[in-house]
Amino acid sequence: MLSILKWVRERKRKPTQLDRIERQNEYIIMKLSELAAALAAIEAKLDEAGTEIVDLIKKLQDQLGDVDIPEAASATLAALLAKGTALADIVPNA
């Protein structure tokens, strides 16, 4: 019974600066946990995108095989592969 009276007294008092700070802290912690989940989702999408891009470029190179393509096209293909690999390397494989 004493704990109920204490609870009622605490609810009737005016919020203090400490109460406000504690509420803000809880809000910030909640937002940080949401941020962590959002960053994990972005990381997964980047990893998937990087892998898919590199795989598609390599598949294109394999399909071209020994076909003579213009030097500019070959350079562009190599640049795309380098960019795709850089994207895939942003998120290290576990």
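Residues numbered from 1 in each chain as written. Predicted model: local features only at pLDDT ≥ 70, side-chain atom pairs only at ≥ 80, totals over all residues. Heavy atoms only, no water.

Engineer: I would appreciate a short explanation of the overall build of the protein in the present structure.
Structural biologist: Tallying secondary structure elements over the protein gives three helices and zero strands in all. Along the protein, from the amino end to the carboxyl end, the secondary structure elements read α-α-α. By residue count, 10% of the 94 residues in the protein fall in the buried class. Counting every atom, the protein has about 8000 Å² of accessible surface; 63% of that belongs to carbon and sulfur. (Helix = DSSP H or I, 4+ residues; strand = E, 2+ residues; numbered from the N terminus. Buried < 20%, exposed > 50% of the residue type's maximum accessible area, 1.4 Å probe, protein only. Areas by Shrake-Rupley, 256 points an atom, 1.4 Å probe, with all protein chains shown as cover.)

Engineer: I tried to follow helix H3 (residues 71-90) on my own but got confused; where do I start?
Structural biologist: Count 3.6 residues to each turn of an α-helix, and residues three or four apart come out pointing the same way. For H3, with 20 residues, the first-to-last C-alpha span of 29 Å sits near the 28 Å given by 1.5 Å per residue. All of the buried residues in H3 are Leu77, Leu81, Gly84 and Ala88. Down the axis of H3, the buried side of the element spans an arc of 65°, and every buried residue falls inside it. Across from the buried face of H3, at angles greater than 90 degrees, the exposed residues are Glu71, Ala72, Lys83, Asp89 and Ile90. Where H3 is buried, its residues meet helix H2 (17-64). (Expected span 1.5 Å × (residues − 1). Arc of directions from axis to C-beta. Contact = heavy atoms within 4.5 Å.)

Engineer: Whenever I open this one, the confidence of the model for the protein confuses me. Can you help?
Structural biologist: Should the pLDDT be low somewhere, the predicted coordinates at that spot are not to be read in detail. Residue-level pLDDT values for the protein average 80, and 84% of them are 70 or greater. The secondary structure element of the protein with the lowest average pLDDT is helix H1 (residues 2-12), at 67, and the one with the highest is H3, at 85. (pLDDT = per-residue confidence, 0-100.)

Engineer: Got a minute to help me understand the nonpolar core in this structure?
Structural biologist: Nonpolar side chains in soluble globular proteins generally cluster together in the buried interior. With five residues, the main nonpolar core is built from Val54, Ile57, Leu77, Leu81 and Ala88. Among the elements of the structure, H2 and H3 are those that each provide at least two residues to this core. Beyond its immediate stretch of four places on either side in the chain, Val54 contacts Leu81, Gly84, Thr85 and Ala88. (Core = buried A, V, L, I, M, F, W, Y, C linked by side-chain atoms within 4.5 Å.)

Engineer: Explain H2 to me, please; I cannot follow it from the model alone.
Structural biologist: Over its 48 residues, H2 extends 69 Å from the first C-alpha to the last, a length consistent with the 70 Å expected when each residue adds 1.5 Å. Considered for burial, the residues of H2 that qualify are Asp19, Gly50, Val54 and Ile57. In the core, the buried residues of H2 are packed alongside H3. Looking one or two residues past H2, Gly65 carries a phi angle of roughly 50°, positive in sign.

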